[in-house]
Amino acid sequence: MSTGVAFPATSTAPTTRQVWTRTRGIVLALVLVLAGAVAIAVIRSDTRHGDLDPRSADQYGSRAVAELLADRGVDTRVVTTLAEARTAASPDTTLLVAVPDLLTPHQQSLLQRSTARSGGRTVLVAAGSASVERLAPGVTADPANSVRSTLDPHCTLAAARRAGSADTGGIRYTTTHLDANTCYPSQRLATLLRIPAASGNGDTVVLGAPDILLNDRLDKQGNASLALQLLGSRPHLVWYLPSLSDATATGAGDQKSLFDLLPSGWLWGTLQLFIAAALAAFWRARRLGPLVPEKLPVAIRASETVEGRARLYRKASARDRAAAALRSTARTRLAPLVGVPVSQAHAPEALLPALSAHLHGDGQALQSVLFGPPPGDDAALINLTDQLDALEREVRRP
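Everything numeric in this text was worked out from a predicted model, so none of it was measured.

Enquirer: How should I be thinking about the packing of helix α12 (residues 348-359) against helix α14 (residues 378-396) in this particular structure?
Expert: How two helices sit against one another is set out by the angle between their axes and by the gap between those axes. Axis separation between α12 and α14 bottoms out at 10 Å; the angle between their running directions is 60 degrees. Where α12 crosses over α14, the two elements pack in a sense that is left-handed. On the side of α12, the interface is formed by L355, H358 and L359, while α14 contributes L391, E394 and V395. A class-by-class count of the residues in the contact of α12 with α14 yields 4 nonpolar, 1 polar and 1 charged.

Enquirer: Sorry, what's going on with the nonpolar core here?
Expert: Most often, soluble globular proteins have nonpolar side chains that are buried together. With 32 residues, the main nonpolar core has L96, Y184, L192 and L231 as its most contacted residues. Those elements giving two or more residues to this core turn out to be α2 (63-71), β3 (121-125), α6 (158-163), β6 (181-186), β8 (203-207), α7 (223-231) and β9 (236-240). Top element by residues in this core is α7. It accounts for 5 residues. If we ignore the near neighbours within four places in the chain, the residues touching L231 are V65, L69, V74, T94, L96, V123, L213, L237 and W239. Judged by nonpolar contacts, the second largest core, of 25 residues, contains A85, L103, Y173 and L193.

Enquirer: Is there a simple way to think about helix α10 (residues 302-316) in this case?
Expert: In an α-helix there are 3.6 residues to a turn, and that puts residues three or four apart on one side. The end-to-end C-alpha distance of α10, which contains 15 residues, comes to 21 Å, matching closely the 21 Å that a straight helix rising 1.5 Å per residue would cover. Every buried residue of α10 is listed here: E307, A310 and Y313. When α10 is viewed along its axis, its buried side chains cluster within an angular range of 120 degrees and face the same direction. Exposed side chains of α10 directed beyond 90 degrees from the buried face belong to R309, L312, K315 and A316. Looking at the buried positions of α10, the neighbouring elements they touch are α11 (319-337). The first or second residue beyond α10 is S317, which carries a positive phi of 55 degrees.

Enquirer: Got a minute to help me understand the state of the cysteines in this structure?
Expert: Within the structure shown, the criterion is met by 1 disulfide. What pairs with C155 in a disulfide is C183, and their sulfur atoms sit 2.0 Å apart. On the sign convention where negative means left-handed, the S-S torsion of about 95 degrees between C155 and C183 marks this disulfide as right-handed. Of this pair, C155 sits in the loop between β4 (139-141) and α6 while C183 is found in strand β6, placing the two residues 28 residues apart along the sequence. Comparing C155 with C183, the two get one shared label, buried.

Enquirer: I tried to follow the pattern of salt bridges on my own but got confused; where do I start?
Expert: For side chains of opposite charge, pairing can occur when their charged atoms come near one another. Under the definition given, this model contains 11 salt bridges. Notably, a salt bridge pairs R319 with D378, separated by 3.2 Å at the nearest N-O pair. Separated by 59 residues along the polypeptide, R319 in helix α11 and D378 in helix α14 bring together distant segments of the chain. Judged by relative accessible area, which is 24%, R319 ranks as partly exposed. Notably, a salt bridge pairs E392 with R396, separated by 3.1 Å at the nearest N-O pair. In this pair, E392 and R396 are both assigned in helix α14, 4 residues apart and thus about one turn of the helix distant.

Enquirer: Would you explain the pairing of β8 in this entry?
Expert: A regular strand places its side chains so that they alternate between the two faces of the sheet. Most of β8 is tucked away, with 5 of its 5 residues classed as buried. Residue alternation in β8 divides its side chains into two sets, D203, V205 and L207 and T204 and V206, and both sets are buried. Of the pairings in the sheet, the one linking β3 to β8 comprises 5 bridges and is parallel in character. Bridge pairing links L124 to V206 in β8. Of the pairings in the sheet, the one linking strand β7 (residues 189-196) to β8 comprises 5 bridges and is antiparallel in character. Note that in β8 the partner of I195 across the bridge is T204.

Enquirer: Please clarify how the pairing of strand β2 (residues 93-97) should be interpreted in this entry.
Expert: Burial analysis of β2 places 5 of its 5 residues in the buried class, which makes it a mostly covered element. Burial of the side chains of β2 extends over both faces: T93, L95 and V97 are buried on one face and T94 and L96 on the other. Sheet analysis places β2 next to β9, joined by 5 bridges and oriented parallel. Of the residues in β9, the one forming a bridge with T93 is H236. Across 4 bridges, β2 lies against β3 in parallel orientation. Across the sheet, the residue bridging to L95 is T122, located in β3.

Enquirer: For this particular structure, what's the right way to read empty space enclosed by the protein?
Expert: Rolled over the atoms, a probe sized like a water molecule indicates the empty space that remains. Throughout the structure, instances matching the rule amount to 1 cavity of 30 Å³ or more. Estimates place the volume of the largest cavity at around 40 Å³. Taken together, A88, A89, S90, T93, T94, L95, T115, S118, G120, R121 and T122 form the lining of the largest cavity. Ranked by residue count, the leading element in the lining of the largest cavity is β2, at 3 residues.

Rules and cut-offs
- Residues numbered from 1 in each chain as written.
- Predicted model: local features only at pLDDT ≥ 70, side-chain atom pairs only at ≥ 80, totals over all residues.
- Heavy atoms only, no water.
- Axes fitted to C-alpha atoms, helices over the stretch in contact; angles between N-to-C directions.
- Helix = DSSP H or I, 4+ residues; strand = E, 2+ residues; numbered from the N terminus.
- Left-handed = near helix turned anticlockwise from the far one by under 90°.
- Contact = heavy atoms within 4.5 Å.
- Nonpolar A, V, L, I, M, F, W, Y, C, P; charged D, E, K, R; others polar.
- Core = buried A, V, L, I, M, F, W, Y, C linked by side-chain atoms within 4.5 Å.
- Buried < 20%, exposed > 50% of the residue type's maximum accessible area, 1.4 Å probe, protein only.
- Expected span 1.5 Å × (residues − 1).
- Arc of directions from axis to C-beta.
- Disulfide = S-S within 2.5 Å.
- Salt bridge = Lys/Arg side-chain N within 4 Å of Asp/Glu carboxyl O.
- Pairing = 2+ DSSP bridges.
- 1 Å grid on protein atoms, 1.4 Å probe; cavity = no way out; pocket = protein on both sides within 12 Å on 5 of 7 lines; lining within 4 Å.
- Points joined across faces, edges and corners; volume = space filled by probe spheres on them.

Dropping the structure here:
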């Protein structure tokens, strides 16, 4: 009943097979998650590494249109910071913003102030509602995109009429500018807008889809003609590819917390999961009430019960409790043998004189064995166990 008592080697430690049986579900889940992560990484690491990049020759790049413009005397320069884009804005320059939605509201406002008075052309490619209202005031993006990709011009803009049908189908726009050219409509909403500047010869072109600039779509429909006319009206083309490393992207007014960056759907989904977990816990929880004795479904051997309690004592180093249990049990068994009622078995003044008279022994030794202090170590506990066994055998001897 302590670390010094020897018991049969019946270890309760789980075997390797049991450990595997219990954990194989978790291991399988981790393997599936890892495999999914690898698959997503492989899918996302395809050839789309140069989207709308005039230096990229892959299918989603725009090197072909840059080469065609170069043959017509238009030089193309790539910039990745807002400062470079704002500096480049001038009357003889076309500024193309490849992914306007990557810009923060602070960046969008700064860029719009620079382009509004530049006198040049600004081309916004697939600007969504997050950016178009700041970069092109008076223009609103419709929530529903165009169903068709290839559309007809149906407008008076010379570049669109010369190009004919083109793959502009994507985001659809409405505008409050009465003098704007609304081209390539889809269900009466334009997918290409040209908005003249309030003063000077500058203008802003809002393009609903990037398809006319992509290498693998440039030779389709009138895409090449439309792209060259929109981007070749000035001798210089500045191709702005917004970068997350741009210092202006972390302006003091645009810093967001983690919860601001999470989509609202994730927050609602998490709340629903917490509610579901609380309801499940309430449903499965036991009702509080008085303890009710219940018959065990199987009979447990007394030796197993003793061994289990001994292991608990050993784990807790509770030699005092182990010794008290041994002495109490011994006194309870010895009292009837020497004519002492069980109710007085734990009273030294009743039990010890009767035992001394029966054994004709030393009462002081009996006092130490049956009512002495707790043993100081495991060896003393084993010695106490032997003494109690010997005492009981002596009393039972005829």
